[in-house]
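Listed here are the chains, written in short residue letters.
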Amino acid sequence: MKKYIDQGKNDTRSGYGAGMTELGRTNPKVVALCADLVGSLKIQEFIDENPERFFQVGIAEANMMGIAAGLTIGGYIPFTGTFANFSTGRVYDQIRQSIAYSGKNVKICASHAGVTLGEDGATHQILEDIGLMKMLPGMTVINPCDFNQTKAATIAIAEHQGPVYLRFGRPKVANFTPADQKFEIGKALMLNEGTDVTIVATGHLVWESLIAAENLENQGISAEVINIHTIKPLDEEAIIKSVKKTGCVVSAEEHNFLGGLGESVARTLAIHHPTPQAFVATQDTFGESGTPAQLMEKYGLNNKAIEKAVLEVLEKKA
Amino acid sequence: MPQLKELQDLATQVRRDIVRMVHKVNSGHPGGSLGCTEFFVALYNEIMELKEGFDMNGIGEDLFFLSNGHISPVYYSVLARRGYFPLEELNTFRLIDSRLQGHPTTHEGLPGVRIASGSLGQGMSVAIGAALAKKLNNDPHIIYSLHGDGELQEGQNWEAIMFAAGKKVDNLIATVDRNGQQIDGATEDVMPLGDVRTKFEAFGWDVMEIENGNDLEAVIAGLKEAKSRTGKGKPVCIIMTTVMGHGVDFMMHTHAWHGKAPNDEQLEVALAQNPETLGDY
């Protein structure tokens, strides 16, 4: 099992802030918008260094999405910032008409996704956002796993022409992606080669999958772990290649099993290489208040849940 | 600058285009289109500073955003007659494989259109964004937008109205088509808008009125006045009173023709009231 070193726990939203700081210094076309959550989105440094390229819109997310669409007309690359719930569900039609259908180069950057937002509870814990965004034609959907990858993804999406949904979170989590690793949109990352089962994971569940793989190795099970940071477009080739070798797959995500990564994987495999699959995801439920660790345990989103899913799917293997 | 008579002839021809387009496909929105004909003719042929050709970023020219996208017939007719795309293409309105979708879109690459609209209440936010981009680019040109009065019932407008005044977006002229009608009836019966002028003023806008939005001279004078008020720290709102269906007597003063096409006989009556001037498409 390949070893990964946690370089020090950090939050993915700070990775976004660090990416924005770098973009502020390197790309004069990048502008930032925020709906009263500058501190949560960690973009104060960008604002301090580029005050004329920052637009505080107040608690008015629909207006923010429309203004972002308008800013592209004139050549700018707007990055909108608010919580994932208010970045998607609250403004779905604005994104659909003014951004996606209009083909605008807006980067929708969404923090506090999923249950690991924690104590604020279900009003703020969106578990449907990946589904909402991946259904929009032309939308790229990215869910990086740690600080370094979120920073790299933030920088990479500025170079991509077209709308992007970039999803990240609140809690401090293991930071194991090499700081100099370039982010390639749509290119899955092989983290550990294995032969018995494929684990495809996204976001916070990638690190949990690595822990699970290590535990499984101690039981004599060889797990392949793939980081699917880009849910759309999905790296179908990498997934198909892996399951042809292992014969079964577990998908792992901090999202409802309806509409998430797991469904995209299932669709791909149903068409190209039908394969037994287990889903580590929330089971069509809302979240609740609690600590991130408690919630990941209760809603079956941690390394133990992944390990259990692997044992179950191995049973179904022909 | 074109003579007033030329613009009046153009307006009459645009009205013919509108009723012919919706008649052909037995769908579309003639009422608001006819009511805003003078506005579009004046804006695109007398008021806006426009470059030759079309590019999406529109740097170095005035830009227009249509928020109430259902009045696409008047928009398409005026764009075509201004040279943005071939006049014959008006024949394809609402047909399969057309660039002239029921509601305007950038998706099919129609020159002149910079945003999709149709789902109401989104255009002012987009216009503000484009106005901010003009400022970042040190481009002194103006952003114009048009909104239906019923459309002001959408809450996003008031987010945008608050932003534009609060952040001093003073290179924006937003016109409200105050025809007093919406699909289900009079605006004041469906959901009273009350005193639109006072509402905009309370948010911090510079507000003026065009009392007869179907008088071409009045519309031109009003738009010129609005332009002179830009750059003074406040966004400018024009409340423009129009008659829905103006120019076709049986379509006037009623919401009935908001989204309904004339039959063959009604078309003949409408065309007789608007004799051909510049040639039908």
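It should be emphasised that the depicted structure is a prediction, and the values quoted were computed from it without experimental measurement.

Considering the overall build of chain A
Each helix and strand counted, chain A has 13 helices and 14 strands in total. Based on the C-alpha atoms only, the size of chain A along its principal axes is roughly 60 × 40 × 35 Å. A burial count over chain A gives 62% of its 318 residues as buried.

So, the overall build of chain B
Looking only at helices and strands, chain B has 10 helices and seven strands in total. With the C-alpha coordinates aligned to their principal axes, the bounding extent of chain B is approximately 50 × 45 × 35 Å. The proportion of buried residues among the 281 residues of chain B is 52%. Restricting the contact set of chain B to residue pairs at least 6 apart, pairs at least 24 apart contribute 76%.

Focus: unusual backbone geometry
Of note, the bond from Lys232(A) into Pro233(A) is cis; its omega dihedral lies within 30 degrees of zero at 0°. On the secondary structure map, Pro233(A) appears in the loop between strand E12 (230-232) and helix H10 (236-246). Unlike most non-glycine residues, Arg94(B) shows phi in positive territory, near 65°. Arg94(B) gets classed as partly exposed once you count the C-beta atoms within 10 Å, which come to 18. The phi angle at Asp97(B) is positive, at roughly 70°, despite the residue not being glycine. Locating Asp97(B) in the fold gives a position in the loop between helix H4 (72-81) and helix H5 (123-136).

Let's talk about the domain arrangement of chain A
Frequently, the measure chosen for interface size is the accessible area that the parts lose on association. Residues and elements named next belong to chain A. When cut into domains, chain A gives domain 1 (10-173) and domain 2 (189-311). In this structure, domain 1 and domain 2 have C-alpha centres spaced 25 Å apart. Taken together, the contact between domain 1 and domain 2 spans 27 residues of the former and 31 residues of the latter. Among the elements of the structure, helix H7 (129-134), strand E6 (140-142) and helix H8 (147-159) are those that each provide at least two residues to the side of domain 1 that touches domain 2. Of the residues contributing to the side of domain 1 that touches domain 2, the split by class is 12 nonpolar, 10 polar and five charged.

Notes on the sheet that holds strand E7 (residues 164-167) of chain A
All names here are of chain A. As summarised here, the arrangement of the seven strands in space is E3-E2-E4-E5-E7-E6-E12, forming an open sheet in which the pairing is mixed. The strands lining the two open edges of the sheet, one partner per strand, are strand E3 (54-56) and E12. Going across the sheet, the axis of each strand differs from the next one's by a mean of 20°, ignoring polarity.

Thoughts on the UniProt feature "domain: Transketolase N-terminal" (unreviewed entry) in chain B
What UniProt calls "domain: Transketolase N-terminal" (unreviewed entry) maps, in this numbering, to residues 10-267 of chain B. Along residues 10-267 of chain B, the helical share is 38% and the strand share 12%, with 19 Å between the first and last C-alpha atoms.

A closer look at the interface of chain A and chain B
Of the residues lining the interface, 22 residues belong to chain A; the matching set on chain B comes to 27 residues. Of all the elements in the fold, those that place two or more residues in the side of chain A that touches chain B are helix H4 (61-72) and helix H6 (92-101) of chain A. Tallied by class, residues from the side of chain A that touches chain B come to 11 nonpolar, 10 polar and one charged.

Topic: the pairing of strand E14 (residues 277-282) of chain A
All names here are of chain A. Most of E14 is tucked away, with six of its six residues classed as buried. The sheet contact formed by strand E13 (residues 249-256) and E14 spans five bridges and is parallel. Residue pairing across strands places Val249 opposite Gln277, the latter belonging to E14. Crossover E13 to E14 through helix H11 (residues 261-272) is right-handed.

Rules behind the numbers
- Residues numbered from 1 in each chain as written.
- Chains lettered and ligands numbered in written order.
- Predicted model: local features only at pLDDT ≥ 70, side-chain atom pairs only at ≥ 80, totals over all residues.
- Helix = DSSP H or I, 4+ residues; strand = E, 2+ residues; numbered from the N terminus.
- Buried ≥ 20, exposed ≤ 12 C-beta atoms within 10 Å, placed from the backbone.
- Contact = placed C-beta atoms within 7 Å.
- Domains from an automatic or database assignment.
- Nonpolar A, V, L, I, M, F, W, Y, C, P; charged D, E, K, R; others polar.
- Pairing = 2+ DSSP bridges.
- Axes fitted to C-alpha atoms, helices over the stretch in contact; angles between N-to-C directions.
- UniProt positions renumbered as here; feature names shortened; annotations may be inferred.
- Right-handed = clockwise from strand over helix to strand, strands pointing away.

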